[in-house]
Each structure stands twice: as structure tokens, then as C-alpha cells.
Amino acid sequence: ELQQQLQETLLPFGFEVYPFQIGWYNAVLEPAFHLSYPKDTMAFVVLSIPSMFEKAFKPFLRHHKLQDLMDPIDQCVAYHMSLVKEKFPSDKLDVIYDYQLHPNRRPKVLMQTAAHVSGAAYYYQRKDIPQDPWGSKKMFGVCIHPQFGGWFAIRAVLVFAEIQAPDLEQTLPLDCLPSQNDRIQLLEHFNFNWRDGKYRDVLPPKEKYSEEQTLYFATPPAERRKLLELQGELHPSPLC
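If you check an unreviewed UniProt entry, the protein appears there as Cyanocobalamin reductase / alkylcobalamin dealkylase from Xenopus laevis. Looking at the protein in UniProt, the text filed under Subcellular location (unreviewed entry) is "Cytoplasm". Taken directly from UniProt, the Sequence similarities (unreviewed entry) text for the protein runs: "Belongs to the MMACHC family."

(A) Inspection of the overall build of the protein at higher detail. Check the secondary structure of the protein and you find eight helices and six strands. Written out in order from the N terminus, the α and β elements of the protein read α-β-α-β-α-α-β-α-β-β-β-α-α-α. For the protein, the proportion of its 240 residues judged to be buried stands at 46%. When contacts within the protein are restricted to residue pairs at least 6 apart in sequence, those whose partners lie at least 24 apart make up 73%. Taken as two groups, the 25 positive and 29 negative side-chain charges of the protein have centres that lie 5 Å from each other.

(B) Broad picture of unusual backbone geometry. One non-glycine residue with positive phi stands out, namely Arg 105, at about 80°. Here Arg 105 lies in the loop between strand E3 (93-97) and helix H5 (111-118). By relative accessible area, which is 63% here, Arg 105 ends up exposed.

(C) Expanded view of the side chain of Gln 213. Tracing the chain through its elements places Gln 213 in helix H7 (residues 211-218). Sequence-distant contacts of Gln 213, that is, excluding residues within four places in its chain, are made with Pro 50 and Phe 53.

Reading the values: the criteria
Residues numbered from 1 in each chain as written. Predicted model: local features only at pLDDT ≥ 70, side-chain atom pairs only at ≥ 80, totals over all residues. Heavy atoms only, no water. UniProt positions renumbered as here; feature names shortened; annotations may be inferred. Helix = DSSP H or I, 4+ residues; strand = E, 2+ residues; numbered from the N terminus. Buried < 20%, exposed > 50% of the residue type's maximum accessible area, 1.4 Å probe, protein only. Contact = heavy atoms within 4.5 Å. Lys, Arg positive; Asp, Glu negative; His and termini not counted. Charge placed at Lys NZ, Arg CZ, Asp CG, Glu CD.

Below you can see the structure in the form of C-alpha cells.
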């Protein structure tokens, strides 16, 4: 029921939610990365899918004044998470965003792990390739969505701190790339040429980013506001 209410609140704006228990997340990580809630605590991972740009981001730009020091997409996501909090006023709801760090620079949540244990997307890592060809190179893992390939982003984790869900059944993520060669190709595209976006097309996506959205995310963060002004999505900042 909780998941259904969240879906009804977020899916019309291009966000998906997937439930998990804190214990599933903690079980696959070293203690330094654990979330300090009881193991049966109910949590959800929030993804943005390609339609978020048109359904949430552009309307947000038209109706809200941007803050100076925060990324526009992050502001849009935070706005929609605030609507979720309004929908559940009696619940203690902690929202942890993908960009949030502890003082020691460690991420507050390893979002790709959360996506994997919730069944939202499969987190392909070097350990999934028994005989890899990379020697001493460091290789980062990447999540792949069964419908959108790499054309999505993990935005937040919602923790309902006072709701226990001991009977929640775990859904395993769909392994879309059982072939070792496909996994090697995915990690090489992601680690060596991630800017060209080829890793996103590792499987035929149901939907992908529009040209406008692709351009936005390919633009360096410091220049994105200027791009929005040039596209007419924002009013130009008044000259001082």
C-alpha cells in the first residue's frame, strides 16, 4: 500500500520507486557503509527515468525560482521529495540524496547497491566477471535498468524510520547481461568512454533521453543554468 501511494505520487512525474529493507542493504556492505536503522526498516530507492525531464524538470523550471548554489535537477528532485513528505505527515521520513556525503567525504548511501538490493536495476561490477582482462586497473561498476538500460539515474533513498516490514519479500534485479563478453564491454564503455553514452545502450531501451535532455546532462554543471536560459526555459538573470 505504501509503495502504491508513492508510485501514485511520483510516477506521473517520471520517478520510479522500489522497496527494500535496510538489512538487505547492510548485509552486502562493510560496516563503515551501514545505515543505522533496524534491519527490518522500510526504505525505497527513487529513480528518475527519461520522462522526468519533460514531466518534472521543465515544469519545475517554469514555476520555481532556482537557488544559486544548488544544481537545478537536484532542486527539482528535492521539491518532489518534499511533496512526498507532505503526503506522509505522520511518518518519520528521512530522505537521503545521491550527492550527500559524510564529513569524511564518504557517500551517505551507496545508491547503486540500494538499487540492486531493491531489484530496481542490476549493479554490474568487476566481481561479476571471473576472468577479467584489466589487471591492476581500477574499474567502477554501473547499474543497468531492465527497461531503460543506462538511460536513468538513481536520485534518492527514502527511509520510513518507524515502519518495520519484516515480511517484505526481496525481488532480485533482472540480470540483463548474462554474457561475460557483454559485461566486459559494458564496464569498458562505462570506465573508458562514459561521456559518449554508449554504455547506456548496452540493451535496446524502451525509452531514452531526448536530444535536449542529453545535451543538458552533457553540459558541464557550471554551464547548465546558462544553457537553460539560452533555451528559454529560464528567464535570464537580471544584470546587477
